[in-house]
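Examining the three-dimensional arrangement
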Amino acid sequence: MAYTTFNQNNFDATKEPMFFGQNVNVARYDVQKYSIFEQLIEKQLSFFWRPEEVDLSNDRSDFNKLPEHEQHIFLSNLKYQTLLDSIQGRSPNIALLPIVSLPELETWIETWTFSETIHSRSYTHIIRNVMTEPSKVFDDIINNEAIITRATAITCYYDALIEGIQLYNAHGEGEHTINNEKVSVSLRELKKRLYLTMVSVNVLEAIRFYVSFACSFAFAERATMEGNAKIIKLIARDEALHLTGTQHILQLMASGRDDPEMAEIAAELKEEARQIFIDAAEQEKEWAAYLFRDGSMIGLNKDILGSYVEYITTQRMLAIGFESPFTTKQNPLPWMNSWLNSDNVQVAPQEVEVSSYLVGQVDSDVDTDDFNDFSL
Amino acid sequence: MANIVKIQDGYSFLPRPEATLLEALEAENIAMEYQCRQGYCGSCQIKLIAGDVEYHKQPLAFVQEDHILPCCCHASSDVTVQLPQPLECIQKKVSA
């Protein structure tokens, strides 16, 4: 089952499943199996932004005025987000493109991954602006134990899927002996890995990012580090859309409408999938403890952030039909919603593009009568 | 003409006709969950028990069966909705 970059078979792509069908050939969007992915692409494109549009000149002096333990909170969050987007800026492409079978989904994956690279670039933009020596921050990511333990929890699913796909592409299904080691490749096992990977991506976008978002907005609530908060708002807007994409994929898998075997797998792995959410929530609470180890910040501490993690975990679990073990019923950080609301995203005024105005707003239906009032 | 909105295990009210269902619930001092307010994030979804709603534009978010996104719809008949939490937990007290 070697991968081919342009499948020369003549087939109807709309009859293929999302993954593990035929490799895509013509990148065409005139007919679509799932138009939702095309709509997500349109929306993501209308969200396009560049980090340099956001002015960070005040953030440097704000940062220097922060007490040391708050600088630790700020920088640790940026490091963690850098890690998350380093992963998301490449992994969906590497893991999912070799197995995707629908052109609109293929392009959605590429568009989604590309937007994560903008996030990565924005972290460099922020750190360049607030630090004299940006490399100190970046160099620490790979040495920081609290961050690296998180990285393992996130990448293990991607890595298992990618390894499986490489073996499948090279050797096909069956029992093989590679370097004197017996390996067995089965499509069902690959589909299981795919399902768990999608769940873990959902958790990354829906829960892991939000601890950092909360801290960034908590700073901005005090009118400090506001440029940073503007960038985080733009990132949060993109992440909300990515989350919707992953929820649609998971739901299509679980419904069996796309691939009946995927529905069996979703049912079979439900407990394991649920556990991914619960483990992530626990890890994020540990991360909150690490952030506040030298002291809390105004309006936010380990306990409040912990109960916020439980609250959003419950929300996200309910959204895809899982029961949550957490009992937090009320949003402990009610001000988060207004920060997360992208309607009031503002960058440099001349650069603002209201997303809903972008499509088809030119009126080309002008009649000669319309010029009657003009005289030369 | 506006349609009556009934909150399950709560009370009924008559929203302003131009308001989205989310705005109508917020006007009742209910702390609704929201994020994008454009139908692509799915944060605000609630369960529709009875009645019909009309979307201004078909939303992108994944919506569970029997659920609606109040941020981008309004009631097109009298409706009954179920809030995610008991009313007393999420209604802000307004002193007279």
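Above this text is the structure in question.
What comes next is a walk through the structure. Keep in mind the model is a prediction, meaning the values are calculated, not measured.

Bringing the overall build of chain B into the picture now. Scanning chain B for helices and strands turns up two helices and seven strands. If you list the helices and strands of chain B from N to C, you get β-β-α-β-β-β-β-β-α. Taking 2.2 N^0.38 as the reference for a compact globule, 96 residues should give roughly 12 Å; the C-alpha atoms of chain B span a radius of gyration of 12 Å, in line with that estimate. Considered along the principal axes of its C-alpha atoms, chain B spans approximately 40 × 30 × 20 Å. Within the span of chain B, comprising 96 residues, buried residues form 38% of the whole. Looking at chain B alone, contacts between residues at least 24 apart form 52% of all its contacts between residues at least 6 apart.

Check the secondary structure of chain A and you find 13 helices and two strands. The C-alpha radius of gyration of chain A comes to 23 Å, within 12% of the 21 Å expected for a compact globule of 376 residues. Dimensions of chain A, computed from C-alpha atoms along their principal axes, come out at roughly 75 × 60 × 40 Å. When burial is assessed residue by residue, chain A has 43% of its 376 residues classed as buried. Across chain A, the fraction of contacts at a sequence separation of at least 24, relative to all contacts at a separation of at least 6, is 75%.

Taken together, the contact pairs 21 residues of chain A with 16 residues of chain B. Among the residues making up the side of chain A that touches chain B, the classes are represented as seven nonpolar, eleven polar and three charged.

Okay, the sheet that holds strand 2 (residues 12-13) of chain B next. All names here are of chain B. What the five strands build is an open sheet, ordered 2-1-7-3-5; its pairing is mixed. Pairing within the sheet leaves two strands with one partner each, and these edge strands are strand 2 and strand 5 (67-68). One ladder, built from two bridges, connects strand 3 (residues 46-50) with strand 5; its direction is antiparallel. Note that in strand 5 the partner of Lys-47 across the bridge is His-67.

This next bit is on the packing of helix 3 (residues 68-88) of chain A against helix 5 (residues 103-130) of chain A. All names here are of chain A. Direction vectors running N to C along helix 3 and helix 5 enclose 150 degrees, while the axes themselves pass 8 Å from each other. Between helix 3 and helix 5, the crossing angle belongs to the class labelled roughly antiparallel. Seen along the crossing, helix 3 lies across helix 5 with a hand that is left-handed. Touching Leu-78, Gln-81, Thr-82, Asp-85, Ser-86 and Gln-88 of helix 3 are Thr-113, Glu-116, His-119, Ser-120, Tyr-123, Ile-126 and Ile-127, all from helix 5. Taken together, the residues of the contact of helix 3 with helix 5 break down into four nonpolar, seven polar and two charged.

Right, let's talk about the environment of Leu-204 of chain A for a bit. Residues and elements named next belong to chain A. Mapped onto the secondary structure, Leu-204 falls in helix 8 (residues 187-221). Its 24 C-beta neighbours within 10 Å are what place Leu-204 among the buried residues. In this structure the C-alpha to C-alpha distance between Leu-204 and Gln-71, which are 133 residues apart in sequence, comes to 24 Å. In this structure Leu-204 touches Leu-84, Gln-88 and Ile-154, once residues within four positions along its chain are discounted.

Another aspect to go through is unusual backbone geometry. Residue and element names in this part refer to chain A. With a phi angle near 60 degrees, Ala-223 is a residue other than glycine that sits in the positive phi range. Judged by the 10 C-beta atoms lying within 10 Å of it, Ala-223 is exposed. The phi dihedral of Met-225 is positive, around 55 degrees, even though this residue is not glycine. Following the sequence through the fold, Met-225 ends up in the loop between helix 8 and helix 9 (226-255). The class of Met-225 is buried, set by 26 C-beta atoms lying within 10 Å.

What counts and what doesn't
Residues numbered from 1 in each chain as written. Chains lettered and ligands numbered in written order. Predicted model: local features only at pLDDT ≥ 70, side-chain atom pairs only at ≥ 80, totals over all residues. Helix = DSSP H or I, 4+ residues; strand = E, 2+ residues; numbered from the N terminus. Rg over C-alpha atoms; globule rule 2.2 N^0.38 Å. Buried ≥ 20, exposed ≤ 12 C-beta atoms within 10 Å, placed from the backbone. Contact = placed C-beta atoms within 7 Å. Nonpolar A, V, L, I, M, F, W, Y, C, P; charged D, E, K, R; others polar. Pairing = 2+ DSSP bridges. Axes fitted to C-alpha atoms, helices over the stretch in contact; angles between N-to-C directions. Parallel < 35°, antiparallel > 145°, perpendicular 65-115°, else oblique. Left-handed = near helix turned anticlockwise from the far one by under 90°.

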